[in-house]
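Secondary and tertiary structure notes
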Amino acid sequence: MDLGVRWKLHGDGRTPAPGAVVRPDERLSWPRTVGLGAQHVVAMFGASFVAPVLMGLDPNLAITMSGVATMIFLLATRGRVPSYLGCSLSFVGVAAVIRAQGGTSATVTGAVLVVGAVLFLVGLAVQRFGARIIHAAMPPIVTGAVVMLIGFNLAPVTASTYWPQDQWTALLVMLFTGLAVVCLRGFWSRVAIFLGLVFGYGISWAFDRVFGKIHSMSPGGKLTDHWRLDLSGVAKADWIGLPHFHGPSFQWSAVLVALPVVIALVAENAGHVKAVGEMTGDPLDDELGTAISADGVASVLSTAVGGPPNTTYSENIGVMAATRVYSTAAYWAAACFALLFGVCPKFGAVVAAVPGGVLGGITVILYGMIGLLGAQIWLNAKVDLRNPLNLVPAAAGIIIGVGDVPMKFTDHFSLSGIALGTLVVITGYHALRAFAPDHLKQQQPLLDEGTSSYDAEPGTGTPRATS
């Protein structure tokens, strides 16, 4: 059985020829491959350790399980889809909502475990029936609206939790990160969030030395005098040790809040597979269902032991595009590096010490970018918002999601925010479509035309036959 763990040496193993690419089943020399793996770790590092911190989960465990998830994904796709799986930012808002309702870390991971299981089933369905089932259930107007409301639902977290802890540091970090995203080029622009965190660490340390303690809200929500940057936990942490594991806990209210993120994960995986296929010149449409299922399995395994869910990382697509090296051997090296980082508690303590003001400046940009990805889906798919069939369900669902509008059904069951907004978008669109006149029912591309066209034969535009 071919598991994609054998690679041919590309050329002399040193530098690809001008215009040539290192294909997934090829590799450079092992020292160069290991170096590329380290570069992939740096690329995914920012988001992969920011996300668990924002979700209140162990960053060491998150990094460890990202390595495990990447290995699972590479084996499942038989080395055809080079990809790194890191902690998904799509669940940050879900975690905040669940904790606001009194949930614990176990409640968060339990809810997300169910999402991973559903994602696995979606992947199996795509394998069996083809990508048309995604198009039927989630046209671009639906996927864009859901991604948008997931991102913008996070705004109160920044406004009420992070920003008040140190508004001036938050402002400076926001400005620095924005400049880094816009002004830097190539690899450095892709790790702008990470650079913003490093800058915030330095500013917080300097402000503590110059101005002393700050009188503001502490991470616990109390108004106190405290240091901006508290590294006492770093000194106490061991250099080597296992991450903190815990089991999941299942609550229906939390599961209902988390389930809408399945839509975002399907869109992320679909876009990733299409982008990699176009870059490598190897049509990967037949791997879409496998990729989605593998992501689901990896997320189930991670959350079962207390880690966060995982998804394919666009940051690493950027590294591949810049280097033109698509070797999955480099991703195996990156996964091994992640496992090594994960067993260093001191590293986790450094991550956990990120000041609240720094997170405030980062999340202002990060949460907004998540939301605006929904608008990008609409733009790529040329969604016509003048069409009331598109406009009405999207408008209603986004306002419900962003405003955290509640709907109480019984004394013990209610929906609000992300869950209710997603339900309104999906059911509203399909219900209105059933009654809309024919001239409003325009055929729309799958997910978003810029990254997904899975039902066409490569290079022909002819519909692919599905079983």
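A brief look at the structure comes next. Everything quoted here is computed from the prediction, not taken from an experiment. (Residues numbered from 1 in each chain as written. Predicted model: local features only at pLDDT ≥ 70, side-chain atom pairs only at ≥ 80, totals over all residues. Heavy atoms only, no water.)

What follows covers a nonpolar patch on the surface. There is a patch of nonpolar side chains on the surface, built from Phe120, Leu121, Leu124 and Val297 and spanning about 310 Å² of accessible area. A total of 3 residues in the nonpolar patch trace back to one element, the largest contributor, which is helix α4 (residues 105–129). Structurally, Phe120 is set in helix α4. A relative accessible area of 30% places Phe120 in the partly exposed class. (Patch = residues over 30% accessible without salt bridge, like charges linked within 9 Å, V, L, I, M, F, W, Y side chains within 5 Å. Areas by Shrake-Rupley, 256 points an atom, 1.4 Å probe, with all protein chains shown as cover. Salt bridge = Lys/Arg side-chain N within 4 Å of Asp/Glu carboxyl O. Helix = DSSP H or I, 4+ residues; strand = E, 2+ residues; numbered from the N terminus. Buried < 20%, exposed > 50% of the residue type's maximum accessible area, 1.4 Å probe, protein only.)

Here we take up the nonpolar core. Within the largest apolar cluster, 101 residues are counted, with the highest numbers of intra-cluster contacts made by Met55, Leu197, Leu288, Tyr367 and Trp378. Residues contacting Tyr367, with those up to four places away along its chain left out, are Leu54, Val92, Gly151, Phe152, Leu154, Val157, Thr158 and Tyr162. Counting residues in hydrophobic clusters, the runner-up holds 5 residues, among them Val22, Leu36, Val325 and Ala330. (Core = buried A, V, L, I, M, F, W, Y, C linked by side-chain atoms within 4.5 Å. Contact = heavy atoms within 4.5 Å.)

This next bit is on the packing of aromatic side chains. Summed over the entire model, instances satisfying the criterion amount to 3 aromatic pairs. Their ring planes at 85 degrees and their centres at 6.0 Å tell us that Trp7 and Trp30 sit as a pair that is edge-to-face. Note that Trp7 is positioned in the segment before β1 (8–9) and Trp30 in helix α1 (residues 30–55), a separation of 23 residues in sequence. Taking the centre distance of 4.2 Å and the plane angle of 5 degrees together, the rings of Phe176 and Phe199 count as stacked. Here Phe199 lies in helix α10 (residues 192–211) and Phe176 lies in helix α8 (residues 167–183), a separation of 23 residues in the sequence. Take Phe176: its relative accessible area is 30%, and that puts it in the partly exposed class. (Phe/Tyr/Trp six-rings, centres within 6.5 Å; stacked < 30°, edge-to-face > 60°.)

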